[in-house]
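Chain by chain, the residues:
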Amino acid sequence: MKANCWMGKRDLRIQNVPDPKILNKRDAIVRITATAICGSDLHLYNGMVPTMEAGDVMGHEFMGVVEETGPGVKNLKRGDRVVVPFPIACGGCWSCSHQMYSLCENSNPNAGMAEKLWGHSGAGIFGYSHLTGGFAGGQAEYARVPFADVGPIKVPESLTDEQVLFLSDIFPTGYMGAEMCSIQPGDTIAVWGCGPVGQLAIKSAYLLGAERVIAIDRFPARLRMAHDKGGAETLHYEETDVLEALQEATGGRGPDACIDAVGLEAHTPGIVHAYDRAKQAMMLESDRPIALRQAVMACRNGGTVSVIGVYGGFIDKFPMGSFMNRSLTMRTGQTHVHRYLKPLLERIEKGEIDPSYIITHRLKLDEAPEGFAKFLAKDDDCIKVVLKPH
Amino acid sequence: MSERENESGRDVSQIVRGLGWFSIGLGLAEILMPGKLSRLIGINKEENTLALLRFYGFRELGAGIGILSQPQEPMWLWSRVAGDVVDLSSLLKALNSEENDNGKLLGALLAVAGVTALDVYCAEQLSAAGSSEGRGQRMSAQATETILINREPDEVYSYWHNYEQLPSFMKYIESVTLTGEGRSHWVAKGPGGIDLEWDAETTEERPGQFLSWRSLPGADVHHAGSVRFDKATGGRGTLLRVEMQYAPPGGRISATLAKLVGQDPGAQIKEDLRRLKQVIETGEVVASDASIHPGMHPASPPERVEDLNLALSPVS
């Protein structure tokens, strides 16, 4: 089959690789009908995540049709149309039984490797380095889905692929980002980053009852989408002093909760960016926490900082004094996608949201490398790329 | 290891720790207040003396951190000895200068000489301990590993007690055969395809709670082990605790065993326990596109399933 393979930093190639096979009894093989490039894939693309191997099949946002099931999968059959959650979860460990699926204790065969870097390991993830298990990803014609009796959700024919594809990651991720804000009536939520996850976090914040959402980015097309489709007020961080503007908008109190939908490759104009880039280059810090620092400083006393942007290693100059003295709470995590599949599918079915509005580019699988380059550069106002393998 | 050796080992490690903290204290003093220090030891301060003392301070600090973080490593103590020699020669040189207070300097010289003797003693002890382990005079490796399994102790115990299915999660164990009267025969496949075999006998079994065993004379790998199955708090299943002690064999087997258990014997046990947890909680060992290959392999589907060593799948 054809697959989009990571061959090195900024080097992706469409290669012929063997078709996936059933390896465990609870596996299914899915013929992929739609798959997407995630913002977090750009961290792999840029070589920011350790433990990638040349030849790794990329991709963790995908859906398709069940082709084959292992003897342990009773709830799916050939021909079922399913969306696959990006974290792999066994359903039987303590974490899974507490609905913390992205912390599954059994799905990462390289847990020992992750423990060395993070102290403890999270779940296995499709196509996302060997720290998270070394599972071939979904930017391919087919994929093997472990624990297919737990993860994939069947979707009705009445909904198109594009309407449900983002259940695999970014819709639940944006939603969990908003949910972690424990939104109360009247709340103002600030969202750093208007990429696909930020856009869906904005929408979700409104779905969960936010009064106002203020979105921060520097790309006009993304700010426009946040405003026009998401209903957010927007701040262009290169043209505005974000902290000042947020104070002003909230009577000096600050947003009730701040969502970091940017992560480890944040950008800011000027000297702070140069500082973090230099430290990253010298391997003195692995992640650039520019948006996170600002989110902490901006948040109102006693408020919540919700981190859904991806971090990989260590950050520098975290404003702990501000965080502690002002009684802030931080909530974060890889999304427990399984928890949100049903309720969010219902919201899509009821027409409360159609996440497909964020798609700007539809490409063939063969064009994945170009799609990555375009997405990284934000060329052609690129916000979300969906690939069609068949 | 005899009682006596144990005692003296403890003494040495206490002195070593003391020397580590001494290094850090002296280092900090040299870096932060070289002026006061030079007055104390009777050297009239000049700018280059202060710079030299600061430099020595960083050397001390480095040695101190090294000693405290790797207390078994003789290299750090030998580095202190080398530093002591430098200190002694600096002090002797200062003694020849008329500007300095020779009384105080003599005191400093004596103090450094005393510390040097202690450094040499500890460095030699640690070096000897390191090489005697290599000669097999002491227990070569011990490991304790624990894991939580989301099942009741009875169930986890009975899985383990069914010895013949242990190869389902123990990576290097090829087979376990019961030979009667609490005895079993084990075959392990080491790196390079070397077979290791041994007979073991159960030394204690308390159903649902505890198991222990030891290898019998003639074993390729002399060892003793035990597993405890405790009920974890608050419905968290079973807290399983494995303790292993390996007595070092000689020659060929020794090298193979070292590879088998690696530098860190606990790491291999931990990996086995993770697989045990997978087997009990999910039904089998979880495979990824990379994990089914020995060593690193790209996350890309395998060519043929038939070629794979999926022998880790449980006996069903």
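Here is what the cut-offs are and how they apply
- Residues numbered from 1 in each chain as written.
- Chains lettered and ligands numbered in written order.
- Predicted model: local features only at pLDDT ≥ 70, side-chain atom pairs only at ≥ 80, totals over all residues.
- Helix = DSSP H or I, 4+ residues; strand = E, 2+ residues; numbered from the N terminus.
- Rg over C-alpha atoms; globule rule 2.2 N^0.38 Å.
- Buried ≥ 20, exposed ≤ 12 C-beta atoms within 10 Å, placed from the backbone.
- Contact = placed C-beta atoms within 7 Å.
- Expected span 1.5 Å × (residues − 1).
- Arc of directions from axis to C-beta.
- Nonpolar A, V, L, I, M, F, W, Y, C, P; charged D, E, K, R; others polar.
- Pairing = 2+ DSSP bridges.
- Axes fitted to C-alpha atoms, helices over the stretch in contact; angles between N-to-C directions.
- Core = buried A, V, L, I, M, F, W, Y, C linked by C-beta atoms within 7 Å.
- Domains from an automatic or database assignment.
- Parallel < 35°, antiparallel > 145°, perpendicular 65-115°, else oblique.
- Left-handed = near helix turned anticlockwise from the far one by under 90°.

J.: Outline the overall build of chain A, listing residues and values.
T.: Across its full length, chain A carries 13 helices and 18 strands. Computed over its C-alpha atoms, the radius of gyration of chain A comes to 20 Å, within 12% of the 21 Å expected for a compact globule of 390 residues. Considered along the principal axes of its C-alpha atoms, chain A spans approximately 60 × 50 × 45 Å. The burial tally for chain A puts 55% of its 390 residues in the buried class. Within chain A, contacts between residues separated by at least 24 positions form 73% of all contacts whose residues are at least 6 apart in sequence.

J.: Account for the overall build of chain B, naming residues and giving values.
T.: Broken down by element type, chain B carries 8 helices and 7 strands. Per-residue burial for chain B yields a buried fraction of 29% across its 316 residues.

J.: Explain helix 4 (residues 74–95) of chain B to me, using residue names and the numbers behind them.
T.: Residue and element names in this part refer to chain B. The terminal C-alpha atoms of helix 4 lie 31 Å apart, and with 22 residues this matches the ideal 32 Å at 1.5 Å per residue to within 8%. Taken together, the buried positions of helix 4 are occupied by P74, W76, L77, R80, G83, D87, L91 and A94. Along the long axis of helix 4, the arc covered by the buried residues comes to 165°, so they all point the same way. Set apart from the buried face of helix 4 by more than 90 degrees, the exposed residues are V85, V86, S89, L92 and K93.

J.: If you had to explain the interface of chain B and chain A to someone new, which residues and values would you point to?
T.: The interface is formed by 29 residues belonging to chain B together with 36 residues belonging to chain A. Of the residues forming the side of chain B that touches chain A, the biggest block, 8 residues, is contributed by helix 8 (residues 265–282) of chain B. Residues belonging to the side of chain B that touches chain A are distributed by class as follows: 12 nonpolar, 8 polar and 9 charged.

J.: Would you mind going over the sheet that holds strand 2 (residues 11–16) of chain A in detail, with residue names and values included?
T.: Hydrogen bonds between backbone atoms are what pair the strands of a sheet, whose relative direction is either parallel or antiparallel. Residue and element names in this part refer to chain A. Reading across the sheet, the 3 strands line up as 2-1-4 and stay open at both edges, with antiparallel pairing between neighbours. Only two strands of the sheet have a single neighbouring strand rather than two, namely strand 2 and strand 4 (56–57). Sheet topology note: the strand 1 (residues 2–8)/strand 2 ladder contains 6 bridges and is antiparallel. Looking across to strand 2, one finds that W6 is bridged to L12. Helix-sheet contacts for helix 13 (residues 368–377) involve strand 1 and strand 2, and the interaxial angle to strand 2 is about 160°.

J.: Talk me through the nonpolar core; I want residue IDs and the actual numbers.
T.: Counting 150 residues, the largest nonpolar core has V30(A), I189(A), V191(A), A201(A), A215(A) and I259(A) as its most contacted members. Of the residues forming this core, the biggest block, 7 residues, is contributed by strand 3 (residues 28–37) of chain A. Once residues within four sequence positions are removed from consideration, A201(A) is found in contact with G174(A), G177(A), A178(A), V191(A), I259(A), A261(A) and I308(A). Residues V16(B), A63(B), I67(B) and W76(B) belong to the second largest nonpolar core, which totals 9 residues.

J.: Any details on the domain arrangement of chain A? Residues and values, ideally.
T.: Residues and elements named next belong to chain A. Segmentation of chain A into domains returns domain 1 (2–169 + 335–388) and domain 2 (171–332). Its C-alpha centre places domain 1 at a distance of 25 Å from the equivalent point of domain 2. Contacts between the two partners involve 24 residues from domain 1 and, on the opposite side, 22 residues from domain 2. Contributing elements (two or more residues each) for the side of domain 1 that touches domain 2: helix 1 (39–45) and helix 12 (337–349). Grouping the constituent residues of the side of domain 1 that touches domain 2 by class yields 13 nonpolar, 6 polar and 5 charged.

J.: Go over the packing of helix 5 (residues 170–179) of chain A against helix 6 (residues 196–207) of chain A with me, naming the residues and quoting the values.
T.: Residues and elements named next belong to chain A. Relative orientation of the contacting elements helix 5 and helix 6 amounts to 50°, with a least axis distance of 7 Å. Taken as axis vectors, helix 5 and helix 6 run oblique relative to one another. Crossing of helix 5 against helix 6: the hand is right-handed. Side by side, helix 5 and helix 6 meet where I170, F171, T173, G174, Y175, G177 and A178 of the first sit next to P196, V197, L200, A201, K203, S204 and A205 of the second. Of the residues assigned to the contact of helix 5 with helix 6, the class counts are 9 nonpolar, 4 polar and 1 charged.

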